[in-house]
Each structure stands twice: as structure tokens, then as C-alpha cells.
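What follows is the residue order along each chain.
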Amino acid sequence: VLVLDVSGSMGGVIGELRAFAEEIIDQFVLGPNATHVGVVSFSSAANVLVDLSDDVSTLTTAIEALIAGGQTAISDGLASGLQVLQGTNARAGVSMTMILLTDGTQNVGTVDPVTQAATVKGAGVELFTIGLGGAEASELQAMASEPPSVHTFVATSSNDAQGIAQIHAYFANGRFCQLAASPK
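Residues numbered from 1 in each chain as written. Predicted model: local features only at pLDDT ≥ 70, side-chain atom pairs only at ≥ 80, totals over all residues. Heavy atoms only, no water.

> I'd like to hear about the overall build of the protein, residue by residue, with values.
Tallying secondary structure elements over the protein gives eight helices and six strands in all. Going from N to C terminus, the protein has its helices and strands arranged as β-α-β-β-α-α-β-α-β-α-α-β-α-α. For 184 residues, the compact-globule formula gives about 16 Å, and the C-alpha radius of gyration of the protein, at 15 Å, lands near that figure. Expressed as a percentage of its 184 residues, the buried residues of the protein come to 47%. Once local pairs closer than 6 in sequence are excluded, the contacts in the protein between residues at least 24 apart make up 72%. Accessible surface, the protein: about 7,700 Å² in total, of which carbon and sulfur atoms supply 51%. (Helix = DSSP H or I, 4+ residues; strand = E, 2+ residues; numbered from the N terminus. Rg over C-alpha atoms; globule rule 2.2 N^0.38 Å. Buried < 20%, exposed > 50% of the residue type's maximum accessible area, 1.4 Å probe, protein only. Contact = heavy atoms within 4.5 Å. Areas by Shrake-Rupley, 256 points an atom, 1.4 Å probe, with all protein chains shown as cover.)

The following block contains the structure:
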């Protein structure tokens, strides 16, 4: 499941965020007996945009509709992502992977994001964290699955546009599939 920050600070790079999410989906074979992907966005609260699905059109439509605004509730995004992975479309015996992308730190919400990430990982989810702009590398590493050197990527640029370009380059050519499962 993709858990995407659409807080107000992402407004300048929302197009690039959409392109990145679509690139990640394109790295997988989607199908009834293959990979299923869900999409969650978060700002002041989290929204499940697509439950686990193998329909590229449904996923793309949801991603193209992303709009930035609000604050940053990372823990809400993680909790909603877990609900998607454990929801009615979940399949027994299938590995669960979550990708969190954010450009900041949590500034709204009642649960600490590291605590919520521990709940996610405790449920058997492999958690990848990706940060740009004002994201705190140490917090992303604490949220990510072990080892954080494999499960965390933080753009070195403090400029969101340059940072998302670094993320695109890092995960290009199927790189995420090399880290996860079910590659094309």
C-alpha cells in the first residue's frame, strides 16, 4: 500500500508525487494472483483512496486526483494503510508491504508516528519510509523495517522538487521491486 503525504507543503510537487506513485505501481505485475496495491493519502487526516486492487485504472484515477492541503498526520496515514492491508481485500499468506512518503514531521494527531509504525511492523508489514524536504531522517529510520539502510531513503536536497527528483532517480528501473516482491 502506498501511504502518501498530501499536506499543504506538498503543493509544489503534487504532480511529481503522482508520477512517482504511478512509477512504483508500474514496477509490479498486478493481477488476481499477483500484486494488489492500495492507496492512502494523509494530511490533517488520512483517506483510503483505493483498497487493495489489481486494477491499474482505478489506482491511476485515485492518484491523479491527489490534491495537497492541510497539516501532516503521519500516524493516521500509517493506521489507515494497515487497515487496507488487513481489510476485506487482504489475501492470506501474501506478504504485506507499505511505502510511506512524506516531506515533514507529524504536526497533528494523537499517536506518535514511531509508535504507530511499530504497530504496523508488529502486524507483519514490511515498512519502507521515504523522505524529502523537512522529513527527519532519524524519525523515518525509526519507523522503517530493519535494516533501515535498506528500508529508508531520504533525499539530500531540502528543496522538495529536487528531493522528489532524487527519489525518482533512486527508485527508477525497477529498484523498488528489487527491494520488495513480485517484480515485472
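> Please set out the packing of aromatic side chains residue by residue, giving values where relevant.
This structure, assessed with the given rule, holds seven aromatic pairs. Consider the rings of F28 and F176, whose centres lie 5.9 Å apart with planes at 65 degrees: the pair is edge-to-face. A residue pair is termed long-range when its members are at least 10 positions apart, and F28 in the loop between α1 (14-26) and β2 (37-42) and F176 in helix α8 (residues 175-179) qualify at 148 residues. For the pair F28 and F176, a shared accessibility class is recorded, and that class is buried. (Phe/Tyr/Trp six-rings, centres within 6.5 Å; stacked < 30°, edge-to-face > 60°.)

> Describe empty space enclosed by the protein, and please don't skip the residues or the numbers.
All chains considered together, the criterion is met by one cavity of 30 Å³ or more. Put simply, the largest cavity is a space of about 50 Å³. Considering the residues around the largest cavity, the lining is formed by F128, T129, I130, V150, H151, T152, F153, Y170, F171, F176 and L179. Counting residues per element, the ones that place at least two in the lining of the largest cavity are β5 (125-131), α6 (148-151), β6 (152-154), α7 (160-171) and α8. The biggest single contributor to the lining of the largest cavity is β5, with three residues. For the lining of the largest cavity, a count of residues per class yields eight nonpolar, three polar and no charged. (1 Å grid on protein atoms, 1.4 Å probe; cavity = no way out; pocket = protein on both sides within 12 Å on 5 of 7 lines; lining within 4 Å. Points joined across faces, edges and corners; volume = space filled by probe spheres on them. Nonpolar A, V, L, I, M, F, W, Y, C, P; charged D, E, K, R; others polar.)

> So what's going on with the layout of surface pockets? Residues and values would help.
The computed volume of the largest pocket comes to approximately 450 Å³. Along its surface, the largest pocket is lined by 23 residues, and T35, H36, S95, M96 and T97 are the ones closest to its centre. Listing elements by their share of the lining of the largest pocket, those giving two or more residues are α1 and β4 (96-102). Per-element tally for the lining of the largest pocket: the top contributor is β4, with four residues. Residues of the lining of the largest pocket, tallied by class, amount to 17 nonpolar, five polar and one charged.

> Help me get a handle on the pairing of β5, residues and values and all.
Where burial is concerned, most of β5 is hidden: six out of the seven residues are buried. Looking at chain direction, β4 and β5 are connected through seven bridges and run parallel. Within β5, the residue paired with L100 across the bridge is T129. Each parallel crossover has a hand, and the one from β4 via helix α4 (residues 113-122) to β5 is right-handed. (Pairing = 2+ DSSP bridges. Right-handed = clockwise from strand over helix to strand, strands pointing away.)

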